[in-house]
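Here is how the chains run, residue by residue.
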Amino acid sequence: MTAIKHALQRDIFTPNDERLLSIVNVCKAGKKKKNCFLCATVTTERPVQVNVVKVKKSDKGDFYKRQIAWALRDLAVVDAKDAMKENPEFDLHFEKIYKWVASSTAEKNAFISCIWKLNQRYLRKKIDFVNVSSQLLEESVPSGENQSVTGGDEEAVDEYQELNAREEQDIEIMMEGCEYAISNAEAFAEKLSRELQVLDGANIQSIMASEKQVNILMKLLDEALREVDQIELKLSSYEEMLQSVKEQMDQISESNHLIHLSNTNNVKLLSEIEFLVNHMDLAKGHIKALQEGDLSSSRGIEACTNAADALLQCMNVALRPGHDMLHAVKQQQQRFGDLREQFARRLASHLNNVFVQQGHDQSSTLAQHSIELTLPNHHPFHRDLLRYAKLMEWLKSTDYGKYEGLTKNYMDYLSRLYEREIKDFFEVAKIKMTGTTKESKKFGLHGSSGKLTGSTSSLNKLTVQNSGSRRSQSSSLLDMGNMSASDLDVADRTKFDKIFEQVLSELEPLCLAEQDFISKFFKLQQHQNIPGTMTETEDLDGGMLSRQYTSGVLQSISSEKDMIRQMMIKIFRCIEPELNNLIALGDKIDSFNSLYMLVKMSHHVWTAQNVDPASFLSTTLGNVLVTVKRNFDKCISNQIRQMEEVKISKKSKVGILPFVAEFEEFAGLAESIFKNAERRGDLDKAYIKLIRGVFVNENLKG
């Protein structure tokens, strides 16, 4: 037990500034035997704290660990079970009753005796001892140090002690005074005995002679004893007073500790409250703006935008652990959710009304644009809607369902509006190309103009539809002489070129402005270089045509870029069909119009691809360019076929074949059209085909 006590003192109590006074090996009564130790300890620092500590040996090693500690002042009763018989069981009454069984009655008695002494010294007899023998409480058990000192003294008495030098010298002098001391030890001893008796008698006589002094000394001793008793009484009273002061100081120290702990908790609580108030408190002005703010005025939109941003910050605050369990926090989060839902619903409704109103306002302006070849300007509408861009970004991050609904409604309203505007715009363009609406409807040319007949004079024949109406252009090399001689043909083609250029010039800024607005308003990212796209080239007898398309093999296009493209396709779904119809009409009017259309369309495709190769405008114009290129190739093929069908009169002996002379004039016209054009290669390939056709047919006709 001593080794265990030493190990516990070293490993557990010394690091905690405690001193182990008593130990008992116990186990809980009525349960499976699991031994532990109850230790009585005191702290080494003032004020002294007395504790009863439960220590248990670890299951995974030979070290001990501290399980629980009770303050001795919390101990109310010590029950030894039986004061007459030896019984290892005893109970300790703290906040509840703990029943223990000691390994031996001696250990139990020693532990209870230690508790009784600590109670007498530090607690002023506050603990009740039940079923404990009075003899156990009264006897004083010596400590191990006293026992060791006493045992050492007894052993020292029994040991042999050598004479020092002075003692040896005295004995030698005494023996020298008696010659027979060595030969007759008995005579020497008797002599010494007689001398001792003489000394004793002298001492007694001296004592009796000093009886008066002895009596005086005794009186002084009695007085000294009485003084000592008085001093002891005063010391006892002082000790009681100091004990009371000590208890009060202990209470003050404990109170100070509790006050410090309370202050610390209050500071932490205040910090948590300030965090919640600063980060989850929405100003009344913001709440009012979200509930009643005017979404039609600039000031109201700004107030609603600031309120929405503040609401989003409050909802996205990173709560600390445990905050989400607070009832007030849950209520505030629910309130924020309701405000978000209410404002999102109100914002979506207002923007839907703005979309509808825009459709009505733009419809009222269509009449004034029906005469002029211009498209209505949507900049004021875009400018008004861009005030809501930040709110749309907020709606996208907080309620994506309503954001998608607004996107769909915008596409529905704007697609119908643009369809009306673009169809009216192309109708005006067709009217300006063909003259009157009635004439354009009666225009019945299909493909290139009439074919050559069997005589040379038929090369100059023109088809006239009605009196005073425009004539159909024969559009062949055989008609170039008449074409060059007719100012009307040149004027008509120049007029068509200007109209077609104006159509493309009106469409290009319209599409770019709408795409830029969609990106800004709906907060969708645009990138010049989009990963996952590749260039498809195809040789259509006139050059290399480049079109962007989604590869789907290398890398997918970003969802936001794809969303912009899908919105543009739905809003402007009528542009490509209308352009194809206009191109078909121009080809019916005069197949040589394909030269003008090829140059103009190539230039606009090149310009659009420099701005954004993957934009809707670039893709749409690229698709239409394919159609124009096919019409151009078909025009060249028709000229070659007409060369083959020419029949020369047998009366003509010598002369220049008509299509040879007219090729020169065609080349002059083509050069003027393709001057500084990007698609010069298409014309060069057409020259090769036409020249080959001239030489082949010249040999056949000659």
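Calculation rules
- Residues numbered from 1 in each chain as written.
- Predicted model: local features only at pLDDT ≥ 70, side-chain atom pairs only at ≥ 80, totals over all residues.
- Heavy atoms only, no water.
- Helix = DSSP H or I, 4+ residues; strand = E, 2+ residues; numbered from the N terminus.
- Contact = heavy atoms within 4.5 Å.
- pLDDT = per-residue confidence, 0-100.
- Core = buried A, V, L, I, M, F, W, Y, C linked by side-chain atoms within 4.5 Å.
- Buried < 20%, exposed > 50% of the residue type's maximum accessible area, 1.4 Å probe, protein only.
- Expected span 1.5 Å × (residues − 1).
- Pairing = 2+ DSSP bridges.
- Axes fitted to C-alpha atoms, helices over the stretch in contact; angles between N-to-C directions.
- Patch = residues over 30% accessible without salt bridge, like charges linked within 9 Å, V, L, I, M, F, W, Y side chains within 5 Å.
- Areas by Shrake-Rupley, 256 points an atom, 1.4 Å probe, with all protein chains shown as cover.
- Salt bridge = Lys/Arg side-chain N within 4 Å of Asp/Glu carboxyl O.
- Parallel < 35°, antiparallel > 145°, perpendicular 65-115°, else oblique.
- Left-handed = near helix turned anticlockwise from the far one by under 90°.
- Nonpolar A, V, L, I, M, F, W, Y, C, P; charged D, E, K, R; others polar.

## So, the overall build of the protein
Then comes step 1: Summing up its helical and strand segments, the protein has 23 helices and 10 strands in all.
Then comes step 2: The contacts in the protein between residues at least 6 apart in sequence include a share of 68% that link residues at least 24 apart.

## A few points about the confidence of the model for the protein
Then comes step 1: For the protein, mean pLDDT is 77; residues scoring 70 or higher make up 77% of the total.
Then comes step 2: Ignoring residues within four places in sequence, the model shows residues 528-557, a span with pLDDT below 50, making 73 contacts including any to other chains.

## Concerning the nonpolar core
Then comes step 1: Counting 106 residues, the largest nonpolar core has Tyr410 and Val503 as its most contacted members.
Then comes step 2: Among the elements that make up this core, the one with the highest residue count is helix α14 (residues 400-434) (13 residues).
Then comes step 3: With residues near it in sequence (within four places) discarded, valine 503 still touches Leu373, Phe425, Phe426, Ala429, Leu579 and Leu582.
Then comes step 4: Core analysis: the second largest hydrophobic core is formed by 32 residues, Cys36, Tyr98, Leu118 and Leu123 among them.

## Re α14
Then comes step 1: Look at α14: 50 Å from first C-alpha to last across 35 residues, which is about the 51 Å you get at 1.5 Å a residue.
Then comes step 2: Positive phi shows up at glycine 435, right after α14, with a value of about 105°.

## Focus: the sheet that holds strand β1 (residues 18-28)
Adjacent strands of a sheet form backbone hydrogen bonds with each other and so pair up, either parallel or antiparallel.
Then comes step 1: Here we have eight strands laid out as an open sheet, ordered β4-β3-β2-β1-β7-β6-β5-β8, and mixed in their pairing. The open sheet has two edge strands, β4 (64-71) and β8 (128-130), and neither has a second partner. Here the strands of the sheet are splayed against their neighbours by 30° on average, with no regard to which way each runs.
Then comes step 2: Across the face of the sheet, helix α1 (residues 2-13) comes into contact with β1, β2 (36-43), β3 (50-57) and β4 while running at roughly 115° to β1.
Then comes step 3: Of the strands in this sheet, β1, β2, β3, β5 (77-79), β6 (89-93), β7 (97-102) and β8 are in contact with helix α2 (residues 105-123), which crosses β1 at around 135°.

## Observations concerning a nonpolar patch on the surface
Then comes step 1: On the surface, Val214, Ile216, Leu217, Met218, Leu220 and Leu221 cluster together to form a nonpolar patch covering roughly 510 Å² of accessible area.
Then comes step 2: With respect to the element layout, leucine 221 can be found in helix α7 (residues 211-280).
Then comes step 3: Take leucine 221: its relative accessible area is 41%, and that puts it in the partly exposed class.

## Notes on unusual backbone geometry
It is generally the case that most residues other than glycine have a negative phi and that most peptide bonds are trans.
Then comes step 1: A cis amide bond, omega -5°, links arginine 46 with the succeeding residue proline 47.
Then comes step 2: Assignment of secondary structure puts proline 47 in the loop between β2 and β3.
Then comes step 3: Even without glycine at this site, lysine 81 takes up a positive phi of about 75°.
Then comes step 4: Among the residues examined, lysine 81 registers a relative accessible area of 31% and is labelled partly exposed.
Then comes step 5: Although it is not a glycine, lysine 523 adopts a positive phi angle of roughly 55°.
Then comes step 6: Within the fold, lysine 523 resides in the loop between α17 (487-521) and β9 (533-539).

## What about the packing of helix α8 (residues 284-292) against helix α9 (residues 298-315)?
Then comes step 1: At a closest axis distance of 8 Å, the pairing of α8 and α9 adopts a crossing angle of 115°. With respect to α9, the element α8 is oriented roughly perpendicular. Here the hand of the crossing between α8 and α9 comes out left-handed. Of the residues in α9, those touching α8 at His286, Ala289 and Leu290 are Ala303, Cys304, Asn306, Ala307, Ala308, Ala310 and Leu311.
Then comes step 2: Taken together, the residues that form the contact of α8 with α9 break down as eight nonpolar, two polar and no charged.

## Overview of the pairing of β6
Then comes step 1: Among the five residues of β6, four are classified as buried, and the element is accordingly described as predominantly covered.
Then comes step 2: As judged from the three bridges shared by β5 and β6, these two strands associate in the antiparallel manner. Bridge pairing in β6 places aspartate 79 opposite aspartate 91.
Then comes step 3: Counting the residues in the hairpin turn of β6 and β7 gives three residues.

## Thoughts on α9
Then comes step 1: Between its first and last C-alpha, α9 extends 26 Å over 18 residues, near the 26 Å set by a 1.5 Å rise per residue.
Then comes step 2: If you check which residues of α9 are buried, you get Gly300, Ile301, Cys304, Thr305, Ala307, Ala308, Ala310, Leu311 and Cys314.

## Side note on the pattern of salt bridges
Then comes step 1: What the rule picks out here adds up to 20 salt bridges.
Then comes step 2: For aspartate 412, the salt bridge goes to lysine 408, with nearest N and O atoms at 3.3 Å. Here aspartate 412 and its partner lysine 408 are both found in helix α14, four residues apart, which amounts to about one turn of the helix.
Then comes step 3: Given the relative accessible area of 47%, lysine 408 is considered partly exposed.
Then comes step 4: Among the salt bridges present, the one from aspartate 633 reaches lysine 629, with a minimum N-O distance of 2.7 Å.

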